[in-house]
Amino acid sequence: SLPKAASIGPGAFQICTKLTTVSLPVADFIGVSAFLGCTSLETVSLPKAASIDGNAFQNCTALTTVSLPEATSIGESAFYGCTSLETVSLPKAAFIGGNAFQNCTALTTVSLPEATSIGKLVFAGTSAKTLTVTLGATAPTLGMDMFASASEAKIVTVKVPSGEAAWSGKTGTFNETGPYTDNWGNGFRGKGWDGSNYGSGTVNSYISLTITYTP
């Protein structure tokens, strides 16, 4: 616990393999690879952190609980390889970098209600059979190949608020085997979407996606 630390620099606790708990009540910035390879780290509390830089918690294989209520930016590969992480809630995160949750093999629930941009390969290697992603009033732009490497059937549910113009025409079930049409659902499955045009990524046919309205 570092009660007065305002920021954590790059690599500050890298490969501290016996570190189990992190509490940083005032820190607003977590640098590149700050906790990379902390294989015993289970719980992280960062109530004021606005920015989580790339690789910050990569390969923290014991990490089960993350509290980031103020984070607006999650860097590339921030949680790459966090194989015990099941649930992530990022209530203010607008930017989710590429590979952010890649190889988080236990991940089943992600809440990103303020997301406006989700990067490439973000859910690649999330091998749990189901994944529920909650989004907000904006239909975020999507990086390509978000589910690359998925090689078995996976049911994905995206929950969105009803009555929002951004989601008009984007709801429904997307599980066709091809050809893949230009639509937001197949953009999420891997084609990508930059806000106006669909990308040339690979839609993963193992992903059955339903975009549904929340009550």
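Located above this text is the structure these notes cover.
Residues numbered from 1 in each chain as written. Predicted model: local features only at pLDDT ≥ 70, side-chain atom pairs only at ≥ 80, totals over all residues. Heavy atoms only, no water.

1. With respect to the overall build of the chain
Next, step 1: Of the regular secondary structure elements, the chain holds one helix and 16 strands.
Next, step 2: In terms of overall dimensions, the chain is globule-like: its C-alpha atoms have a radius of gyration of 17 Å, near the 17 Å expected for 215 residues.
Next, step 3: In terms of its C-alpha atoms, the chain occupies a principal-axis envelope of roughly 50 × 35 × 30 Å.
Next, step 4: When burial is assessed residue by residue, the chain has 43% of its 215 residues classed as buried.
Next, step 5: Intrachain contacts of the chain at a sequence separation of at least 6 include 31% that bridge at least 24 residues.
Next, step 6: Seen as two clouds, the 11 positive and the 13 negative side-chain charges of the chain have centres 4 Å apart. (Helix = DSSP H or I, 4+ residues; strand = E, 2+ residues; numbered from the N terminus. Rg over C-alpha atoms; globule rule 2.2 N^0.38 Å. Buried < 20%, exposed > 50% of the residue type's maximum accessible area, 1.4 Å probe, protein only. Contact = heavy atoms within 4.5 Å. Lys, Arg positive; Asp, Glu negative; His and termini not counted. Charge placed at Lys NZ, Arg CZ, Asp CG, Glu CD.)

2. A word on the sheet that holds strand β6 (residues 65-67)
Next, step 1: The three strands lie next to each other as β2-β4-β6, forming an open sheet whose pairing is parallel. This sheet does not close on itself; its edge strands, each paired only once, are β2 (21-23) and β6. Looking at each pair of strands side by side, their axes are set apart by 5° on average, direction ignored. (Pairing = 2+ DSSP bridges. Axes fitted to C-alpha atoms, helices over the stretch in contact; angles between N-to-C directions.)

3. Let's talk about the pairing of strand β16 (residues 207-213)
Successive residues of a regular strand alternate their side chains across the two faces of the sheet.
Next, step 1: Here strand β14 (residues 154-160) runs beside β16; their pairing, made up of seven bridges, is parallel. Bridging from a neighbouring strand, Lys 154 pairs with Ile 207 of β16.

4. Some thoughts on helix α1 (residues 184-191)
Next, step 1: Extensive coverage of α1 is indicated by the burial of eight of its eight residues.
Next, step 2: The complete set of buried residues in α1 reads Trp 184, Gly 185, Asn 186, Gly 187, Phe 188, Arg 189, Gly 190 and Lys 191.
Next, step 3: Buried residues in α1 make contact with β12 (130-135), β13 (141-142), β14, β15 (172-174) and β16.
Next, step 4: Looking one or two places after α1, you find Gly 192, whose phi comes out positive at around 90°.

5. Examining the nonpolar core
Next, step 1: One finds Phe 57 and Phe 79 to be the most contacted residues of the largest nonpolar core, which totals 58 residues.
Next, step 2: Listing elements by their share of this core, those giving two or more residues are β10 (109-112), β12, β14, α1 and β16. (Core = buried A, V, L, I, M, F, W, Y, C linked by side-chain atoms within 4.5 Å.)

6. Some words on the packing of aromatic side chains
Next, step 1: What the rule picks out here adds up to 11 aromatic pairs.
Next, step 2: Between the aromatic rings of Phe 79 and Phe 101, the centroid separation amounts to 5.8 Å while the plane-to-plane angle is 10°, which identifies the pairing as stacked. One end of the pair, Phe 79, is in the loop between β7 (73-74) and β8 (87-89); the other, Phe 101, is in the loop between β9 (95-96) and β10, with 22 residues separating them in the sequence.
Next, step 3: We classify Phe 101 as buried; its relative accessible area is 0%.
Next, step 4: With centroids separated by 6.3 Å and ring planes inclined at 35°, the aromatic side chains of Trp 193 and Tyr 198 adopt a geometry described as tilted. (Phe/Tyr/Trp six-rings, centres within 6.5 Å; stacked < 30°, edge-to-face > 60°.)

7. Some details on the sheet that holds β14
Next, step 1: Pairing is mixed in the open sheet, where six strands are placed in the order β8-β10-β12-β14-β16-β15. Since the sheet does not close on itself, it has two edges, and those belong to β8 and β15, each with one partner. Sheet twist, expressed as the mean angle between neighbouring strand axes with direction ignored, is 15°.
Next, step 2: Its contacts with the sheet put α1 on β12, β14, β15 and β16, and the angle it makes with β16 is roughly 140°.

8. Some details on the environment of Gly 143
Next, step 1: Residue placement: Gly 143 occurs in the loop between β13 and β14.
Next, step 2: The class for Gly 143 is buried, based on a relative accessible area of 15%.
Next, step 3: Separated by 50 residues in sequence, Gly 143 and Trp 193 place their C-alpha atoms 6.7 Å apart.
Next, step 4: Not counting chain neighbours up to four residues away, the residues in contact with Gly 143 comprise Ile 118, Gly 119, Lys 120, Gly 187 and Gly 192.

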